[in-house]
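In case you want the letters, here they are:
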Amino acid sequence: MSVISRLHRLTGEDRKASGGSNDGRSKAEQLANLRARIDEILSRRPGGQKTKPRSTGRGGFVPLEELVPGEETTNEAGAFFCACHLMEGSARHGRFRIRELAALDMDRLAVLGNDPALRGLDYREALFFDTETTGIAGGTGTVAFLIGLGWFERDAFIVRQFFARDYGEERATLLGLRELLKGKRFLVSFNGKAFDANLLAARFIMNRMPDPLSGLPHLDLLHPARRLLSHRLPDRRLGSLESALLGFEREEDVPGSEIPQRYFDWLRSRDGFLMADVFKHNRFDILSLAALAAHLSEMLDPGDTRCHPVDRLAAARLFLARGCPREAIRLLHPLVGCASPETAWDAARELSLHYKRTKQWPAAVAIWEELVLRDDSDFFSLIELAKWFEHQQRDFTRALALVERARANEQILSPDQCADIVHRKKRLERKLAGRKGLARQTI
Amino acid sequence: MTKLTLKEWLSRAEKKRRFMENVRAIRKISARPGEFLDYPSWVNPVLRKVLVDRGLGRLYSHQAKAVDLVRRGQSIVIVTPTASGKTLCYNLPVLQKIFEEPEARALYLFPTKALAQDQMHEIHGLIGELKADIKTYTYDGDTPDDARRAIRKQGHVIVTNPDMLHAGILPHHTKWQKLFANLQYVVIDELHVYRGIFGSHFTNVLRRLVRICRFYGSDPVFICCSATVANPGEHAERLLERSVALIDESGAPAAAKTFILYNPLIVNRELGIRQSAMTPVRKIAVDLIENGIQTIVFATSRLNVEVLTKYLKDRFAKGKPIDTQFVTGYRGGYLPNLRRRIEAGLRNREIMGVVATNALELGIDIGDLEASILCGYPGSIASTWQQAGRAGRRTGQSLALLIARSSPLDQFIVENPDYFFSRSPEFCRVNPDNLLILLHHIKSAAFELPFEKGERFGGENLEELLNYLEEKGVLHRVDARWHWSAESYPADEVSLRSINPENVVVVDTTETGNHRVIAEVDWDSAFTTVHTDAVYMMESRQYYVDNLDLERKAAYVHKVETDYYTDAMTYTNVRVIDAFAKKPGTEILVEHGEVQVVSKVVGYKKIKFYTSENLGYGEVNLPEKDMHTTSYWFTIPRPRLAGLSCNQEEIIDGLAGLAYSLHHLAAMMLMADLHDIDRAIGDKSGEWFVRKYRNWRTITTTPGGGNDALQMVDAFDPTIFLFDAYPGGIGFSDLLFERHDALLDAARQLIRNCPCPHGCPSCVGPTLEVGPRAKETAIEILGLLQAK
């Protein structure tokens, strides 16, 4: 008997072979149910999914070439489909014109990426990239079937998408990527460090090829975007960034979660409709990546006053975190007087802490005093002043007075703040007592 | 009071009548000197010096043989007693190789995380003394994410477990390029643990490992260690699917040992109930410790560890102080620091008594204790020897004392000492080509690396299975390669410890608003253990099952205090589909083959604790289950039975009693749990089968029918089936078929030697269950079966 019919008997797919279930319909149904579930466990496909390609709802089968501009490309490793797309400098992506995207300031990109190696490079040497994969679980069974690539040529933006029409073409797409990278000197991605580059590294190993990505500087915009924009956005998906910041709305976009199944369906049906949306989705991702790079670097421009104060505060914090205080101070100074009291207070706080770190005491103290003047219950400033009197001036009496002042507003303080006050007060009282004792001894 | 030495204590005990009347056997195993050989010339002088400084001036003969074979590229399995220096057999060649080739890598596999940690300890110590730049890391579920990258790149020796290899390492092999490209040695300790389902999965994990190594161009040598079982060499070759050299002659010196099998007093002869094993354990342990004899007590559950520890602590805190007494517990769940402290306390004899679970049975160094008391048979003869080996590891006199509980296995062991003391009767079996298990691993393997046409994986027709998976849509074929073509991560769908990955969670609803999941039960046993109205036992607490919801895969329970537990009543119908093999000769038909098993839980009995009295019945309404598996069976021709002096009902009782004892003995022979194997009585055609209904037993034809279907038939050739309780079979029943005669011999010994008058849980099952003449009839039937 064949392996498969034995397997069918084990899984119950072969209903006829089983006996003993001839006692009533409901029992047979229960049994069938149970078998269906066992089968489900065995194949681990969620209940609703079908193995046959879903209908695209747009009529019959259409070859990919008719829907996506591009052509078959060949190299030593074989053939693959390469989609080509050029956007002129005057074309728009959301609120940007393409040529506005091109003028990327490399110093600011270096700050964004926290990578000084980017400083000496040229924006035309950047390769923007994003992949579409057969899953997000990772591991060696996940394949990047579509590698989307973008770069600037003069003021135009070129997008090339390397598509493995079948698993057998993966090798050729990887070789294509390697060849293209010869003219590029750094990478720009969104979450590419953790995902795309990692996955491609695995694919290169699986195909026994050296990984051309690993040595290149890599600006992953996810991390700076998180730092600069977290105050604005509900989540950090590229999609939500697009509409909120880049002024770009996608129409009829294929959800990322559907993409793997689209590819599996494509493999069986070769229906171009299944893939056309995926190409479009990926191309928008690449374009938005370029736009996001431009937007984030705009935010770092100290001279650009169009930016919202909250964004400028975030930019200043990024500069501070990256060890660029000069730029941070240029951003923070005007913010201290801005219309929004919260932002002004945050800016003043950052500035004062910077002065404190660099031991520019008069400047720091001036800010704290100013803040206490504005609000006499300002916990932060009262405590900072108290610290200053205690540790720098060694004036315990005035320090204690400030602590007592902070304590007057106990009801609005957090438990941590209360604990801090109690601790500080005790220590100051001890020091004061010690000093009195000392004074007495000297007498 | 003057303290006795162990020798004096023993000679006193041997004179005490009250002690000796419970002793079933005393064996004196004489001391054996060590056999030594010089270090091979290739051993690095630094490494040799460190070992010599540790007191290992020369190698034991088996160590020398092992390292020599490994050096020559031969995979080996070492089967020698506890404390015979097995770890050196792999650490020596591994460290030597890394000295020579700093790029070389080794992978150590231990069945549990705890054991891996302990071995890390050992090899770290050695490397520390070598002052060498050799990096050893454990890699398991507890390894922090930020450490993983460094471990993957730099670790020379990676210590992990099969589950992690299966789900965490192999599916990400590209990240482990360095390891797989340079893998020279794979060390597998506790090889005998990999049997049954776990072993069948494990073979497939090794198949995948070898496949990945091939991709990176490496071909590692396997170094395995196993406890003493009947077939270590054969088992190793089945697991590794390559030739493996067996090293089973220990060159380590052994201390003289007295081994005593002890059976507590019978307190209720009718029911076959004995005094709890805990009582003599307590008394003897206290006596030994009072005499300053360092003692380890092994208990079979965490709870028993705690109870015994408490007793000993109370005893020695209140009793007359003796200078060195100190007692403690030791089990999994204790924090590593505490465990290290206890181990040190045992080594320097500050601790004189320790109560442990089998966590201490394995290779943790606690020095040489003098006495080892086993509170209950640990489930296998191999474990018994490992636990006994905890006392008197190298020199002097030592004592091992096994105190039996009432269970059939315990009773069989102590009542049949020859069985225990002669060559190991325990076999490790696997069936890596169980189609369901194989299919899971083919999926995982395809995820790791596309399959090429002509490739081999397991013993079945791979191409057919690949085509099947392609039809199912998880693989996609391009030319001569099958690629993984689904979003899922197949290794996550399989647990190496089960066939059906589906579980039922047990939810405790005792506190409203605070429902907690207290356990998971695998899908198959859920039907019998957590059906609605069952009493589910966990950590000796009872829970009443309010509802078993199969849709949600949950059983909702609440805490109760009852004086009974429930025992599910299942009817089972077995039909032979295909006989693979038949024993030649004799009228008795003995066969092995594939069967269809239809079973249904129809009700349950309420059984009173201690007395096993039947307190009543309940109905259960669950769908029936249909399973194809492998079975061993034998048929007794009707005319032969006609000669017996009993009626049909009694014959059926006798068969049931015989099946009961065969089932227990089969589990013992296979080191399996009782529920890994199941039994049924019917006839071979599948037309008739014996069904237990409430308190009578009958032969019936309709599998699902109600009470009206009762009838007695004459045309019935009774057949006893023992089958693998898992779809597709896991290799148990073909061994039972091979060992048919040995199994019947063991059953006769068990039933004959049992001191009960009419049958008890230790032989043919409780009298109330199997009828008053079951024991007698079972012996008569055995006589028929074994008549020449």
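Residues numbered from 1 in each chain as written. Chains lettered and ligands numbered in written order. Predicted model: local features only at pLDDT ≥ 70, side-chain atom pairs only at ≥ 80, totals over all residues.

Caption draft 1: Broad picture of the overall build of chain B. The secondary structure content of chain B amounts to 26 helices and 34 strands. Here the C-alpha atoms of chain B give a radius of gyration of 28 Å, agreeing with the 28 Å that 2.2 N^0.38 yields for 788 residues. A principal-axis box enclosing the C-alpha atoms of chain B has dimensions of 85 × 80 × 65 Å. When each of the 788 residues of chain B is scored for burial, the buried share is 51%. (Helix = DSSP H or I, 4+ residues; strand = E, 2+ residues; numbered from the N terminus. Rg over C-alpha atoms; globule rule 2.2 N^0.38 Å. Buried ≥ 20, exposed ≤ 12 C-beta atoms within 10 Å, placed from the backbone.)

Caption draft 2: Broad picture of the overall build of chain A. Each helix and strand in chain A was counted, giving 18 helices and nine strands. In chain A, which comprises 443 residues, the share counted as buried stands at 40%. Considering only residue pairs separated by 6 or more positions, chain A has 62% of its internal contacts joining residues 24 or more positions apart. (Contact = placed C-beta atoms within 7 Å.)

Caption draft 3: Up close: the interface of chain A and chain B. The partner chain B presents 42 residues to the 36 residues of chain A that form the contact. Of the residues that constitute the side of chain A that touches chain B, the class distribution is 16 nonpolar, 14 polar and six charged. (Nonpolar A, V, L, I, M, F, W, Y, C, P; charged D, E, K, R; others polar.)

Caption draft 4: Here's a closer look at the domain arrangement of chain A. All names here are of chain A. Annotation of chain A at the domain level lists domain 1 (3–43), domain 2 (64–299) and domain 3 (311–442). Computed from C-alpha coordinates alone, the two centres of domain 2 and domain 3 are separated by 46 Å. Domain 2 puts seven residues into the contact, and the matching count from domain 3 is seven residues. Looking at the side of domain 2 that touches domain 3 residue by residue, the classes come out as four nonpolar, two polar and one charged. (Domains from an automatic or database assignment.)

Caption draft 5: Highlighting the confidence of the model for chain A. Scored by pLDDT, chain A has a mean of 84; 86% of the residues are at 70 or more. Contacts for the low-pLDDT stretch residues 16–25 of chain A, under 50 throughout, to residues beyond four places or in other chains number 13 contacts. (pLDDT = per-residue confidence, 0-100.)

Caption draft 6: Quick peek at the confidence of the model for chain B. Of the residues in chain B, 91% have a pLDDT of 70 or more, and the chain-wide mean is 86. In this model, residues 320–325 of chain B is a region of pLDDT below 50 whose contacts with residues beyond four sequence positions or in other chains number eight contacts.

Caption draft 7: Layout of the packing of helix H16 (residues 379–393) of chain A against helix H17 (residues 396–407) of chain A. Residues and elements named next belong to chain A. Look at H16 against H17: their axes get within 8 Å of each other, and the N-to-C directions meet at 165°. When the axis of H16 is compared with that of H17, the two are roughly antiparallel. When the axes of H16 and H17 are compared, the crossing they make is left-handed. For the pair formed by H16 and H17, the contact residues are Phe-379, Leu-382, Ile-383, Leu-385, Ala-386, Phe-389 and Glu-390 on the first element and Phe-396, Arg-398, Ala-399, Leu-402, Val-403, Arg-405 and Ala-406 on the second. Residues belonging to the contact of H16 with H17 are distributed by class as follows: eleven nonpolar, no polar and three charged. (Axes fitted to C-alpha atoms, helices over the stretch in contact; angles between N-to-C directions. Parallel < 35°, antiparallel > 145°, perpendicular 65-115°, else oblique. Left-handed = near helix turned anticlockwise from the far one by under 90°.)

Caption draft 8: The arrangement of the sheet that holds strand S25 (residues 541–549) of chain B in detail. All names here are of chain B. If you trace the five strands from one edge of the open sheet to the other, you get S23-S22-S26-S25-S24, paired in mixed fashion. Each edge of the open sheet is held by one strand with a lone partner, namely strand S23 (516–522) and strand S24 (535–538). Direction aside, the axes of adjacent strands within the sheet are offset by 35° on average. Alignment of S24 against S25, held across four bridges, turns out to be antiparallel. Residue pairing for S25: Met-537 is matched across the bridge by Gln-542. (Pairing = 2+ DSSP bridges.)

Caption draft 9: Representation of the domain arrangement of chain B in the model. Residues and elements named next belong to chain B. Splitting chain B by domain gives domain 1 (6–30 + 254–421), domain 2 (36–247), domain 3 (435–493), domain 4 (503–562) and domain 5 (569–786). With twelve residues of domain 1 in contact, the opposing surface of domain 5 contributes 17 residues. Looking at the side of domain 1 that touches domain 5, its residues break down into five nonpolar, five polar and two charged.

Caption draft 10: Representation of unusual backbone geometry in the model. Unusually for a residue other than glycine, A:Glu252 sits at a positive phi of about 50°. For A:Glu252, the location among the structural elements is in the loop between helix H9 (238–246) and helix H10 (259–269). For B:Asp533, which is not a glycine, the phi torsion comes out positive at approximately 80°. Within the secondary structure, B:Asp533 is located in the loop between helix H20 (523–529) and S24.

Caption draft 11: The sheet that holds strand S20 (residues 475–478) of chain B, seen in detail. All names here are of chain B. One open sheet holds the three strands; their spatial order is S19-S21-S20, and the pairing between them is antiparallel. Since the sheet does not close on itself, it has two edges, and those belong to strand S19 (451–452) and S20, each with one partner. As defined by bridge partners, S20 adjoins strand S21 (residues 481–484) across four bridges and the pair is classed as antiparallel. Looking at S21, one finds that Val-478 is bridged to Arg-481. Here helix H19 (residues 462–471) sits on the sheet in contact with S19, S20 and S21, set at roughly 115° to S20.

Caption draft 12: How the structure looks around the environment of B:Arg72. Residues and elements named next belong to chain B. Tracing the chain through its elements places Arg-72 in the loop between helix H4 (61–71) and strand S4 (76–78). Taking the number of C-beta atoms within 10 Å as the measure of exposure, Arg-72 has 9 and is therefore exposed. Considering only alpha carbons, one finds Arg-72 and Val-221, 149 residues apart in sequence, at a separation of 9.5 Å.

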